[in-house]
Amino acid sequence: KWSTNSSDKEKFGYTDEDEWKEAKKIALYDYVTNLNKMIMQRLWDAILFTASGKPVESNAKVEAMRHILVNDTVTSLMDNDLNIDIDEWMQHPWKMPAILAW
């Protein structure tokens with residue numbers, strides 16, 4: 001479990017402060033990416049597909065959400081594309097797909 005207490009770096013085997021900060025940044029980015037991916041997958045399943053897994057027929061709810069659920073950023077996220085600008089999400093959280101969908 002990560003902590004904001006920098007003295008915890010020794011518990012994780014880090015002695016260098018810069019390496020510790022980078023490790024925490026990587027862990028945070030991984031968490032944010034996985035959280036967004038999980039939420040978007042659940043929304044896809046709930047809005048775009050029936051319980052049997054077939055695509056739903058187009059309706060007002062689907063069309064209202066389509067531009068949020070189906071776009072280049074979400075496709076890249078779901079395809080594990082490493083070119084997603086996570087720094088942008090960290091500076092502007094409202095640009096995360098999960099926040100946009102909410």
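Residues numbered from 1 in each chain as written. Predicted model: local features only at pLDDT ≥ 70, side-chain atom pairs only at ≥ 80, totals over all residues. Heavy atoms only, no water.

As a further point, take the packing of helix H1 (residues 17-48) against helix H2 (residues 60-69). H2 packs onto H1 with a crossing angle of 155° between their chain directions and a minimal axis gap of 11 Å. The angle between H1 and H2 places the two elements in the roughly antiparallel class. Classified by chirality, the crossing of H2 by H1 is left-handed. Contact residues: Met40, Leu43, Trp44, Ile47 and Leu48 in H1; Val62, Met65, Ile68 and Leu69 in H2. Per-class residue counts for the contact of H1 with H2 are nine nonpolar, no polar and no charged. (Axes fitted to C-alpha atoms, helices over the stretch in contact; angles between N-to-C directions. Helix = DSSP H or I, 4+ residues; strand = E, 2+ residues; numbered from the N terminus. Parallel < 35°, antiparallel > 145°, perpendicular 65-115°, else oblique. Left-handed = near helix turned anticlockwise from the far one by under 90°. Contact = heavy atoms within 4.5 Å. Nonpolar A, V, L, I, M, F, W, Y, C, P; charged D, E, K, R; others polar.)

Right, let's get into unusual backbone geometry. Unusually for a residue other than glycine, Asn80 sits at a positive phi of about 60°. Residue position: Asn80 is located in the loop between helix H3 (72-78) and helix H4 (86-91).

Before going further, it helps to spend a moment on H2. All buried positions along H2 are accounted for by Val62, Met65, Ile68 and Leu69. Seen from one end, H2 has its buried residues packed into an arc of 115°, which puts them on one side. Away from its buried face by more than 90 degrees, H2 exposes Ala60 and His67. The secondary structure elements touched by the buried residues of H2 are H1, H3 and helix H5 (97-101). The N-cap residue of H2 is Asn59: its side-chain oxygen and the backbone nitrogen of Val62 are 2.8 Å apart. (Buried < 20%, exposed > 50% of the residue type's maximum accessible area, 1.4 Å probe, protein only. Arc of directions from axis to C-beta. Polar contact = N/O pair within 3.5 Å; in protein donor to acceptor, adjacent residues only side chain to side chain.)

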